[in-house]
Each structure stands twice: as C-alpha cells, then as structure tokens.
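# Results of the structural survey
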Amino acid sequence: MNAAAEGSGRRAALRDGVLAAAGVPALVLITGYLGFGALAAGNGLSLPGTVLSTLLLWALPGQLILVEMHTLGAPFALVLLTVMFSAVRFLPMTVVLMPLLREARERPLHYYAAAQFLSMSGWAWTMTRFPDMAPERRLPYFLGFAGTLMLAATLATAAGFVGGDLLPKLAKLAMVFMSPMYFLLLMTGEARQLMARLSLLCGAVAGPLLHLVAPHASVLAGGLIGGTVAYGVHRAWRNRSARLGAR
Amino acid sequence: MSELVNEYLLLTLACGAGTYLWRGLGVAVSSRIRPESELFAWVGCVAFAMIAGLISRILFLPSGALEVTSLWQRLLGAAAALAVYYLISRRNLFAGVLAGGAAMYALLLLQH
C-alpha cells in the first residue's frame, strides 16, 4: 500500500472509531459523569480539579474514591494509595490489549499514549472487535473511539458540576443521587460471574461497617477485607467442586 | 479554602500519575506477564469490593450533599432505579439512573 492510501485508511479507521463511540457508549459514560460532576460540586470541590480528574485519572471509580475521601478529610497519602489500588486493574487490561495493538508495529510512544485513553468501556468494546480488524486500523480506531468517550465524559463532568450548581437545591440533590445509582446498576448488571457477585456482596457489607470504625481507611480496608473474603470463599468452593467432580 | 482547593488539585495530579503508572507498566511488561493469574483475580475482587463498599456507604452513611436526604428516600430511590433497569427497560442504564434521580426528586418534593 502506498503512503497516501495508508494515510486515508488510518483516517477512515479513526472516523469509524469516533462514529462507533458517538452513541450508546458515550451516552452511558455521560450518565455516569453528569452525576459525578454534580456530586463533586455538592461536596464543595473546585471545577478545575474535578474536570482535570476525568482527563488524568480517566477511571470513574478512582475519581469517586478521590472525591469522597478528600471530602471526608482523609490524609493525602491514604487517598493516593486507595486510588492506586483501585487502578491496578489497568495493568492486566493493558497487558491483554497490547498484543492486538502491537501487530501493526507502531512507534512505542503511540502505545504509551494510547494507554492513557484506556477505560473499562473502551477496553470491552475494542477487545471484541479487534480480532476481526486489520492490524493497521486498530490503533487509529481505538484512539477515535476512546478519545470521543473522553471528550464526552469531560464535557459531562463540567456540565454536571455547573448544572448541579445552577439547579434548585432539590433538583441538584436528585442529580447527585444519580452518581451512586450509576454504579449500583453498572456493577450489579456487569457482575455475571460468581466471584464478582461475591466481591460486590462482601464489599457492600464491609464498606459501611468499617466506615463506622475508621472512616478514612474504610474504602481500602473494606475492599481488602471484602475482596479477600470473596476470593477465598470462591476459591474454596471451586476446589471443593473440583474434588467432588474428580471423585 | 484556597489551601483546600490546592490540595485537591495536587491530589488529582498525584492520583492521575498513580493511575498512569499501571497503564504504562502494562505497556512495558505486556509480553512478560500472564493477565489471567491468581494475583490479578484477587486484585479484581478487591477493586470490585472497594467500589461496592463505597457505594453502599454513600447509600447508608452519606457525606456531602446527600447528608440531608433520609435513608428511606435513598433506599426508595435505589429501588426505583433497580426496578426500571431490571424489570421495565431491559437493562437500559440511562433509563435506570434517570429513574433513580427522578424518584429522589419526587420524594424530596413530597417531604417539603
């Protein structure tokens, strides 16, 4: 393929990514980020920091942890540690995505840039489509898709923050309430595997209980305790059914 | 107040860098580790439990703006969101979240 045709092929892939994102995927994220913006405004935080968190963290769970823990007055290092723990999942996600992107042999810098755009929704979407896509189309498609999502989410964060501030008090509260509702539906809807359901249940019990004892450390400690119990129960149950099966 | 805002900005920068660390590390080591290992299964459980715990804490013991709402309002709002999401709209996230917000608004109006 000559250089001009390759360039237009890349532009077409980028455009396809933008068009694929500008629909249900963007609407789902907008729903989450509108509520997040309103919640941050309701907690009395600043607009620039809140919008910046969407661009820099690009992970709504981490952003919610940051906003809630900071509002409770948790120490800087503990907030950072908790947010970082919630973000470890990006390591295996990137590891799984990279071989599919790398088939086209782009410059390494492009992959490090693409990693910042990776989110759970962009990952799930592209992972199912990449195997049927020509390798050289994948990176521009991914950047078009994920870039559109990030733009929509950034605008929604600002709109939720400003909108929440402008609305009358009761309407603002309703908008703030949309943020936990987004996670409630997203998590219960996505948790199809037993291990994920156990983690949800154990975390939902451990979080509020630990909040009564140690409010600043409750997200991290509740996650470690609830997640470890869920992992242990699932593992014991799996080993037991494996033994019964082998008998 | 301005000191608080500055700490929030610094914290956002630090958390952004801390999150990118995992992303960048994933690019660097992608050919050398197994993503389906038991360690990552455990990490996934902890991450899920963390956010579940935070959401359940916001529902039962909210801080910030939702402090002025009462527990029964939040639980009824959540019930409305779950009902619309699972029973009425065939898992339409937008409809479910909107229903939760609308129910909360109606319940707050009733009270005032």
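Cut-offs used in this document
Residue positions are given per chain, counted from 1 along the sequence in the order it is written. Chains and ligands are labelled by the order in which they are written, letters from A for the one and numbers from 1 for the other. Totals for whole chains, interfaces and linings use every residue, but because this is a predicted model, local features are given only for residues with pLDDT of at least 70 and side-chain atom pairs only at 80 or more, for both listing and counting. Only hydrogens and water are removed before side-chain values are computed, so all heavy atoms of the structure are retained for them. Secondary structure follows DSSP: runs of H or I at least 4 residues long count as helices, runs of E at least 2 residues long count as strands, and numbering of each begins at the N terminus. Buried residues are those whose accessible area, probed at 1.4 Å on protein chains only, stays under 20% of the maximum for their type, while exposed residues exceed 50% and partly exposed ones sit between those limits. By definition in these notes, contact holds between two residues if any of their heavy atoms fall within 4.5 Å. Areas reported here follow the Shrake-Rupley algorithm with a probe of radius 1.4 Å; residue values treat only the protein chains shown as occluding. Positive charge is attributed to Lys and Arg, negative charge to Asp and Glu, and no charge count is given to His or to the chain ends. Charge positions are represented by NZ for Lys, CZ for Arg, CG for Asp and CD for Glu. Once two parts are joined, some of their accessible surface, as seen by a 1.4 Å probe, is lost; buried area is that loss totalled over both. By salt bridge we mean one thing: a side-chain nitrogen of Lys or Arg within 4 Å of a carboxyl oxygen of Asp or Glu.

## Describing the overall build of chain A
- Of the regular secondary structure elements, chain A holds 12 helices and 0 strands.
- Helices and strands in chain A line up, N terminus first, as α-α-α-α-α-α-α-α-α-α-α-α.
- Overall size of chain A, expressed as C-alpha extent along the three principal axes, is 65 × 65 × 30 Å.
- Sorting the 247 residues of chain A into buried and exposed places 52% on the buried side.
- Look at the contacts in chain A between residues 6 or more apart in sequence, and 77% of them connect residues 24 or more apart.
- When the accessible surface of chain A is totalled, it reaches about 10600 Å², and 70% of it is carbon and sulfur.
- Looking at chain A, you have 19 positive and 9 negative side-chain charges, and the mean spots of the two groups are 11 Å apart.

## Re the interface of chain A and chain B
- Contacts between the two partners involve 91 residues from chain A, matched on the other side by 75 residues from chain B.
- Contact between chain A and chain B buries roughly 7500 Å² in total, counting both sides, with carbon and sulfur atoms accounting for 79%.
- Summed over the three residues of chain A that lose the most area to chain B, namely Leu 170, Phe 177 and Leu 185 of chain A, the buried surface amounts to 10% of that side.
- Linking chain A to chain B there are 3 salt bridges.
- For the salt bridge of Glu 38 of chain B with Arg 238 of chain A, the shortest nitrogen-to-oxygen distance reads 3.7 Å.

## What to know about the environment of Met 195 of chain A
- Note that Met 195 of chain A resides in helix 11 (residues 194-213).
- On a C-alpha basis, the gap between Met 195 of chain A and Leu 149 of chain A in space is 29 Å, while along the polypeptide they are 46 residues apart.
- Aside from chain neighbours lying at most four places away, what touches Met 195 of chain A is Tyr 231 and His 234 of chain A together with Ala 41 and Cys 45 of chain B.

By themselves, these are just geometric observations and shouldn't be taken as functional.
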